[in-house]
Amino acid sequence: MRLSEFLAICEACDADPIQTLRRIIAEAERIQQQATQPTQTPTIHAADYTDVNGESLEETAAREEAAKERAMRKYRSGHGYAAYHDSHKYDPDPDIA
């Protein structure tokens, strides 16, 4: 905004331009200080939270990790999956001619 526009607005609003400018500068300084202050991130502990069944996040993570490990052991061993036992596993695809 140009100074002449600022003065015209102050005159139309019957406001003291000096006081208005001081308030603008003070507010700008407050905003600048607020922007430069480091924000504090709250510390969250997984043990403090539970799901609808009362299981903590740590218990849920441990249970899911154990299930993943069981599935990977089964996958590596090649047992338990139908594709490993299907007699037509290596037959050509009938849709590709």
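These figures come from a predicted structure and were not determined experimentally.

A separate point is the pattern of salt bridges. For the structure on display, the rule yields 3 salt bridges. As a salt-bridge pair, Arg30 and Glu27 come within 2.6 Å of each other at their nearest N and O atoms. Here the residue Arg30 and the residue Glu27 both occupy positions in helix H2 (residues 17-36), the gap between them amounting to 3 residues, near one helical turn. The exposure class of Arg30 is partly exposed, given its relative accessible area of 42%. A salt bridge links Arg63 to Glu55, with the nearest nitrogen and oxygen atoms 2.9 Å apart.

Bringing the state of the cysteines into the picture now. Tallied over the entire structure, the rule returns 0 disulfides. The structure places no disulfide on Cys10, whose sulfur is separated from the nearest cysteine sulfur, that of Cys13, by 7.2 Å. Judged by relative accessible area, Cys13 falls into the exposed class, the value being 58%.

Calculation rules
- Residues numbered from 1 in each chain as written.
- Predicted model: local features only at pLDDT ≥ 70, side-chain atom pairs only at ≥ 80, totals over all residues.
- Heavy atoms only, no water.
- Salt bridge = Lys/Arg side-chain N within 4 Å of Asp/Glu carboxyl O.
- Helix = DSSP H or I, 4+ residues; strand = E, 2+ residues; numbered from the N terminus.
- Buried < 20%, exposed > 50% of the residue type's maximum accessible area, 1.4 Å probe, protein only.
- Disulfide = S-S within 2.5 Å.

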